[in-house]
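Each chain, letter by letter, is given below.
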Amino acid sequence: MADDIVRDFGYLCLGSRFRRIGERLQADTQQIIQSFGAEIQAGQYPFLAAIDRSGPLTIGELAEAVGITQPGATRTLAQLADLGLVEARASDGDQRRKLVSLTDTGRALVDRSKREIWPSIERAVRDLCGDLQGTLLDQLAGIEDGLAIAPLAKRATKKSEKQP
């Protein structure tokens, strides 16, 4: 088996390591979402959460809230609109500004997600990260090792089975 060069190089490859862990967490989160029958990508949820928290927002405001570029936000919002989860309407004060809001279907998904899906994901991640100690590199190793032992979907199932 080849050495894990990204892990071995520590801080030198920190960005690559964060990306690798992020991709794994995103994929595991997607499995949990699909287990609930939701047809949304994990990376789209922050947009719905931002609109839920703040009300209708412009594309620029959503890009800033989620921390991505405006073209990336535009693509994601187009996908969410295709799914019938959001809609864009001209602002009352400025017809050139479009405000993005949840549709009734989007509101129903967010409400269900807040009750069922998001708590399951959060429990799984808390289970994964709850005992982390040491330096940042030690904690990243703990996350990677923990995911190798039990992916988030398994942790989510384990935790939900224990609940009354």
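Colleague: Just to check I follow, could you spell out the overall build of the chain for this structure?
Modeller: Along the backbone of the chain there are 8 helices and 2 strands. Starting at the N terminus, the α and β elements of the chain follow one another as α-α-α-α-α-β-β-α-α-α. Considering only C-alpha atoms, the chain reaches an extent of 60 × 45 × 25 Å along its principal axes. Relative to its 164 residues, the chain shows a buried fraction of 35%.

Colleague: Could you clarify how one ought to interpret the confidence of the model for the chain in this entry?
Modeller: Should pLDDT be low for a region, the predicted coordinates there are not to be read in detail. Averaged over every residue, the pLDDT of the chain is 92; the share at 70 or more is 95%. Mean pLDDT across the secondary structure elements of the chain bottoms out at helix H8 (residues 152–162), with 73, and peaks at helix H3 (residues 45–54), with 97.

Colleague: What exactly am I supposed to notice about the packing of H3 against helix H4 (residues 59–66) here?
Modeller: Contact geometry of H3 with H4 gives a least axis separation of 10 Å together with a crossing angle of 115°. With respect to H4, the element H3 is oriented roughly perpendicular. Crossing of H3 against H4: the hand is right-handed. In this structure, H3 contributes Pro46, Phe47, Ala50 and Ile51 to the contact, and H4 contributes Leu62, Ala65 and Val66.

Colleague: What is the right way to look at the environment of Ile32 in this model?
Modeller: With respect to the element layout, Ile32 can be found in helix H2 (residues 14–35). Sequence separation between Ile32 and Asp3 is 29 residues, and the spatial gap between their C-alpha atoms is 30 Å. The residues touching Ile32, leaving out its near neighbours within four places in the chain, are Ser120, Ile121, Ala124, Leu152, Ala153 and Ala156.

Rules of the game
Residues numbered from 1 in each chain as written. Predicted model: local features only at pLDDT ≥ 70, side-chain atom pairs only at ≥ 80, totals over all residues. Heavy atoms only, no water. Helix = DSSP H or I, 4+ residues; strand = E, 2+ residues; numbered from the N terminus. Buried < 20%, exposed > 50% of the residue type's maximum accessible area, 1.4 Å probe, protein only. pLDDT = per-residue confidence, 0-100. Axes fitted to C-alpha atoms, helices over the stretch in contact; angles between N-to-C directions. Parallel < 35°, antiparallel > 145°, perpendicular 65-115°, else oblique. Left-handed = near helix turned anticlockwise from the far one by under 90°. Contact = heavy atoms within 4.5 Å.

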